[in-house]
Amino acid sequence: MTVRFPRTRLRNLRHPAALFTERRRPERVRTRPGAWRLAVATVCFGAFMGQLDASIVTLIYGSLRTEFGASLAGVEWVSLAYLLTLVALLIPAGRLSDAYGRKLFYLYGFLVFTAASAACGVAGSLGMLVAFRVVQAVGAAMLQANSVALVTTSAPGEKLRTALGVQAAAQALGLALGPTVGGALVSAFGWRWVFGVNVPIGLAALIAGQYLLPRTRTRNPARRFDWPGVALLAMATTCGLLGVSAASGLPVPGWGIAVLFVLAVGAGGAFVVRQHRTPAPLLDLALLRVRAVSSGLVGALCGYLVLFGPLVLVPLVLTGAGSSELAAGLVLTALPAGFALGATVADKLLPGALTERGRCLLGAGVCVGALAAPAVLPLTVWWLPPVLVLLGLGLGTFTPANNALIMRAIPAGSSGTGGGLVNMARGLGTALGIALVTLVLHLSARSTGLDGPRWAILVLLAVSVAAVIASA
């Protein structure tokens, strides 16, 4: 359904309704031939910030333990609380955005994320920091649920894959710069500036988004919002991720892990039943019956699992062999650098006649080849960089094509929900990539004769093969 909105003038901003109205872009911006590029560049602010924040926070664990006198298990909640909240809210945020405006929710997401980042920077206790991280994740969910949707609705059809590639490259850039920027900030100014750096970027993005992002033209109104569905989805994702994290080495008894997985499966089943029966479902399950959507989401999960697994594995392997943290960080940068290169260059180098599915197969196949090499080669600072660059190139080719495949199959009125699904799959892949590698290394430490790093690589190789199958 197409909805036209009245123009909102600056003098009307005093009226409360203006706070819930998407501002129209200036005429000179809207009529520019490359206006969609400006919108995509604005979305890249959020893509960059999200991955920068994800890769930068783990560097402050030591500082937090020292300042607050906390255990490692307690400090891990700074990341865990953020991830659990983010994954649980992506689909609800996308559904609300489809109903009330994707630009509106994106900008308010930046506002919440920026304000919460400032609050994290002045937190007086670990508990306050974790609480502010939860609020920060609420803003991040509003951002991420709409990033892919805004790119999809802004870019012309023939430029969609290119636009999604630029967005993926911005994510890879944030991921690559996180360790470097984080290390410099912590060394020079302290851990609080890890959160403070988000504030100027967020303010710039708010101003840019107001003038450069298009209003929502096609909406999917909600007769009522499915709050019980939100609760069931949150319970399923939270219990599942906690179960995986606990199984990867946290001091939780076996029966506790089993209970978490049972609760996750039960809540997930109840969520599916409710979506079938409620007249206003949070998620239209018919979307998942479309092959391009279901197989694409499996591919998105596999892709991010393969992307984040080495981010845990490589530093542990290299530092364990005597390399410095600096050397490990430089080697690891090869992966997101290759990702960014593949996401931006592959579209220009590959034949135009190659379909999205063909690009997915090619990218996933390159990942298989890249991960097969370290299964037999020594894991050293000399062999790993070319392997990681090749793996990044494969993921950079696979991810934009896979995202385009999903979003082309989703109606425009549900693009926010579709974007939420994509980013939820990415979030689950991120969590599983970290947890599975940690679990394999944990099991190898308890068993003599088990080469943990090799087995971790074999797990990532198997996931890459699954991505090939999903793309076929």
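Rules used throughout
Residues numbered from 1 in each chain as written. Predicted model: local features only at pLDDT ≥ 70, side-chain atom pairs only at ≥ 80, totals over all residues. Heavy atoms only, no water. Helix = DSSP H or I, 4+ residues; strand = E, 2+ residues; numbered from the N terminus. Rg over C-alpha atoms; globule rule 2.2 N^0.38 Å. Contact = heavy atoms within 4.5 Å. Areas by Shrake-Rupley, 256 points an atom, 1.4 Å probe, with all protein chains shown as cover. Expected span 1.5 Å × (residues − 1). Buried < 20%, exposed > 50% of the residue type's maximum accessible area, 1.4 Å probe, protein only. Phe/Tyr/Trp six-rings, centres within 6.5 Å; stacked < 30°, edge-to-face > 60°. Axes fitted to C-alpha atoms, helices over the stretch in contact; angles between N-to-C directions. Parallel < 35°, antiparallel > 145°, perpendicular 65-115°, else oblique. Left-handed = near helix turned anticlockwise from the far one by under 90°. Nonpolar A, V, L, I, M, F, W, Y, C, P; charged D, E, K, R; others polar. Salt bridge = Lys/Arg side-chain N within 4 Å of Asp/Glu carboxyl O. pLDDT = per-residue confidence, 0-100. Patch = residues over 30% accessible without salt bridge, like charges linked within 9 Å, V, L, I, M, F, W, Y side chains within 5 Å. Disulfide = S-S within 2.5 Å.

This paragraph deals with the overall build of the protein chain. Broken down by element type, the protein chain carries 19 helices and zero strands. A globule of 472 residues ought to have a C-alpha radius of gyration of about 23 Å, and the protein chain, at 22 Å, matches this closely. Pairs at least 24 apart in sequence give 82% of the contacts found in the protein chain among residues at least 6 apart. A total accessible area of about 19,700 Å² is found for the protein chain, and carbon and sulfur atoms account for 70% of it.

For the rest of this paragraph, the subject is helix H17 (residues 384-408). The terminal C-alpha atoms of H17 lie 36 Å apart, and with 25 residues this matches the ideal 36 Å at 1.5 Å per residue to within 8%. For H17, a buried count of 19 out of 25 residues is recorded, marking the element as mostly surrounded by other parts of the structure.

Now for the packing of aromatic side chains. Under the criterion given, the structure shown has five aromatic pairs. Considering the side-chain rings of tyrosine 106 and phenylalanine 110, the 5.4 Å spacing of their centres and the 85° angle between planes classify their relative orientation as edge-to-face. Residue tyrosine 106 and its partner phenylalanine 110 are both found in helix H6 (residues 102-121); the two are separated by four residues, about one turn of the helix. Neither residue differs from the other here; tyrosine 106 and phenylalanine 110 are each classed as buried. With centroids separated by 6.2 Å and ring planes inclined at 25°, the aromatic side chains of tyrosine 304 and phenylalanine 308 adopt a geometry described as stacked. One end of the pair is tyrosine 304 and the other is phenylalanine 308, both in helix H13 (residues 291-320) and four residues apart, which spans about a single turn. Side by side, tyrosine 304 and phenylalanine 308 carry an identical accessibility label, which is buried. Here a set of aromatic residues connected by ring pairs shows up, and it is made of Phe68, Trp191 and Phe195.

What follows covers the packing of helix H16 (residues 356-372) against H17. Any two packed helices are characterised by the angle at which their axes cross and by the distance between the axes. Packing of H16 against H17 leaves a shortest axis separation of 7 Å and a crossing angle of 155°. In terms of axis orientation, H16 runs roughly antiparallel to H17. Relative to H17, the crossing made by H16 is left-handed. Contacts between H16 and H17 involve Glu356, Arg357, Arg359, Cys360, Gly363, Ala364, Val366, Cys367, Ala370 and Leu371 from the former and Val387, Leu390, Leu391, Gly394, Leu395, Thr397, Phe398, Ala401, Asn402, Ala404, Leu405 and Arg408 from the latter. Tallied by class, the residues present in the contact of H16 with H17 amount to 14 nonpolar, four polar and four charged.

What follows is about the environment of isoleucine 406. Along the polypeptide, isoleucine 406 turns up in helix H17. According to the relative accessible area criterion, isoleucine 406 is buried, its value standing at 0%. C-alpha of isoleucine 406 to C-alpha of leucine 297: the two residues are 109 residues apart in sequence and 7.5 Å apart in space. Apart from residues lying up to four places away in sequence, isoleucine 406 is in contact with Ala292, Val293, Gly296, Leu297 and Val422.

For the pair H16 and helix H19 (residues 452-471), interaxial distance at closest approach is 9 Å and the crossing angle is 165°. By the angle between their axes, H16 is roughly antiparallel relative to H19. The two elements H16 and H19 meet at a crossing, and its hand is left-handed. When H16 is examined against H19, the residues Arg357, Cys360, Leu361, Ala364, Gly365, Cys367, Val368, Leu371 and Ala372 are found in contact with a partner set consisting of Ile457, Leu460, Leu461, Ser464, Val465, Ala467, Val468, Ala470 and Ser471.

One pass over the full model with this rule turns up four salt bridges. Close ionic contact of arginine 102 with aspartate 98 constitutes a salt bridge, the shortest N to O distance being 3.0 Å. Residue class for aspartate 98 comes out buried when judged on its relative accessible area of 0%. When salt bridges with common partners are traced through the structure, they connect Arg161, Glu356 and Arg408 into a single cluster.

The residue asparagine 198 is located in helix H10 (residues 198-212) in this model. With residues near it in sequence (within four places) discarded, asparagine 198 still touches Met49, Asp53, Phe113, Thr114, Ser117 and Gln136.

For the protein chain, the mean per-residue pLDDT works out to 81, and 90% of the residues sit at or above 70. Confidence, read as mean pLDDT per element, is least for helix H4 (residues 72-75) in the protein chain (68) and greatest for H6 (91). Throughout residues 1-13 the model reports pLDDT below 50, and contacts reaching past four residues in sequence, or to other chains, amount to 18 contacts.

A contiguous nonpolar patch, built from Met235, Trp255, Val259 and Leu263 and spanning about 400 Å² of accessible area, is present on the exposed surface. The greatest single-element share of the nonpolar patch, amounting to three residues, is contributed by helix H12 (residues 254-277). Mapped onto the secondary structure, leucine 263 falls in helix H12. For leucine 263, a relative accessible area of 34% puts it in the partly exposed group.

This part takes up the state of the cysteines. Across all of its chains, the model carries zero disulfides by this definition. Free of any disulfide, cysteine 44 has its nearest neighbouring cysteine sulfur in cysteine 360, separated by 20 Å. Overall, the relative accessible area of 11% leaves cysteine 44 in the buried class.

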